[in-house]
Amino acid sequence: MSLFIPDFDKTVVARSADAELVGKGGPVTNRLLVDSPATGGALSSMRVTLGRGANGARPHHHGNSAEMFYVLDGTAQLLSGDQVVTAERGDVVVVPPLTQHAFAAAPGEIADMLVVITPGVERFEYFRHLERIRYGKVPPESLLDVQELYDSYFGTNPVWDAARA
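Residues numbered from 1 in each chain as written. Predicted model: local features only at pLDDT ≥ 70, side-chain atom pairs only at ≥ 80, totals over all residues. Heavy atoms only, no water.

A few words on the overall build of the chain. Per the secondary structure count, the chain includes two helices and 10 strands. In the chain, the succession of helices and strands from N to C terminus is β-β-β-β-β-β-β-β-β-α-β-α. For 165 residues, the compact-globule formula gives about 15 Å, and the C-alpha radius of gyration of the chain, at 15 Å, lands near that figure. Seen through its principal axes, the chain has C-alpha atoms that stretch 45 × 35 × 35 Å. Summarising the internal contacts of the chain: among those between residues at least 6 apart in sequence, 70% fall at separations of at least 24. Each charge sign in the chain was given a centre, from 14 positive and 20 negative side chains, and these centres are 8 Å apart. (Helix = DSSP H or I, 4+ residues; strand = E, 2+ residues; numbered from the N terminus. Rg over C-alpha atoms; globule rule 2.2 N^0.38 Å. Contact = heavy atoms within 4.5 Å. Lys, Arg positive; Asp, Glu negative; His and termini not counted. Charge placed at Lys NZ, Arg CZ, Asp CG, Glu CD.)

What follows covers the nonpolar core. Judged by nonpolar contacts, the single largest core of 27 residues is most densely connected at Met46, Val48, Leu50, Phe69, Leu78, Phe103 and Met113. Those elements giving two or more residues to this core turn out to be strand S2 (28–34), strand S3 (44–50), strand S5 (66–80), strand S7 (92–95), strand S8 (101–105), strand S9 (111–118) and helix H1 (124–134). Apart from the residues lying within four places of it in its own chain, the contact partners of Leu50 are Pro27, Val28, Asn55, Gly56, Phe103, Ala104, Ala105, Ile110, Ala111 and Met113. (Core = buried A, V, L, I, M, F, W, Y, C linked by side-chain atoms within 4.5 Å. Buried < 20%, exposed > 50% of the residue type's maximum accessible area, 1.4 Å probe, protein only.)

Looking now at the pattern of salt bridges. Two side chains with opposite charge may pair up if their charged atoms get near one another. Under the criterion given, the structure shown has five salt bridges. We note a salt bridge from Asp112 to Arg47, for which the minimum N-O separation is 2.4 Å. Of this pair, Asp112 sits in strand S9 while Arg47 sits in strand S3, and the two are 65 residues apart along the sequence. According to the relative accessible area criterion, Arg47 is partly exposed, its value standing at 29%. Here Arg132 and Glu125 are joined by a salt bridge, their closest N and O atoms 2.9 Å apart. Three or more residues joined by partner-sharing salt bridges are found here, namely Glu20, Glu125, Arg128 and Arg132. (Salt bridge = Lys/Arg side-chain N within 4 Å of Asp/Glu carboxyl O.)

All of the buried residues along H1 are Phe124, Tyr126, Phe127, His129 and Ile133. Residues of H1 that are buried sit in contact with strand S1 (20–22), S2, S3 and strand S10 (153–154). Gly136 sits one or two positions beyond H1 and adopts a positive phi of about 75°.

Before going further, it helps to spend a moment on the pairing of S8. Most of S8 sits out of view: five of its five residues are buried. Alternating residues of S8 divide into His101, Phe103 and Ala105 and Ala102 and Ala104, and every residue in both groups is buried. Bridge count for strand S4 (residues 55–61) against S8 is three bridges, and the pairing is antiparallel. Bridge pairing in S8 places Asn55 opposite Ala104. Pairing of S5 with S8 involves five bridges; the strand directions are antiparallel. When the bridges of S8 are listed, Gln77 appears paired with Ala104. (Pairing = 2+ DSSP bridges.)

Tracing the backbone through its elements, the reader meets Ser80 in strand S5. With relative accessibility at 18%, the residue Ser80 sits in the buried group. Not counting residues up to four positions away in its chain, the partners in contact with Ser80 are Val95, Thr99, Gln100 and His101.

Given two aromatic rings, their pairing is described by the distance between the two centres and the angle made by the two planes. In total, this model carries three aromatic pairs according to the counting rule given. Centroid distance Tyr126 to Phe127: 5.2 Å. Interplanar angle 80°. Geometry classified as edge-to-face. Classification of Tyr126 as buried rests on a relative accessible area of 8%. Members of the aromatic cluster, joined through ring pairs, are Tyr126, Phe127 and Tyr150. (Phe/Tyr/Trp six-rings, centres within 6.5 Å; stacked < 30°, edge-to-face > 60°.)

So, in structure tokens, the structure goes:
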């Protein structure tokens, strides 16, 4: 295992009021807080707000990064490997690299989560790409072309499908 030492020397402050909103008005809103370049690659973070029962991310994994989910409010369902975890306000779930995961608001519930990916990957453009898909500007298959760039590799998971049915 190698030690990663991030390359930044100034405190990073992300004001909620200044954060870019992606998906506003839909079932999923991403508030983009801190992207990887601001932290010298240490992390990237966002706040994800899911409407009642809304699906967040479908099953995927990151080859190099762990992902932490801190539930600020509501109840979330999270897939980690072949385990579906229900997390409530104040709970933290950390998914290791290479582990397939997904997240959604629990059925009938909302979920508001702080999500941190470490080491960071430039993620803001990824969420802008998802918004372009939502508005029909690019096809969903276009994500396959950028999986490596954003360290997000998509798959399927019957355990998750059953939990979300």
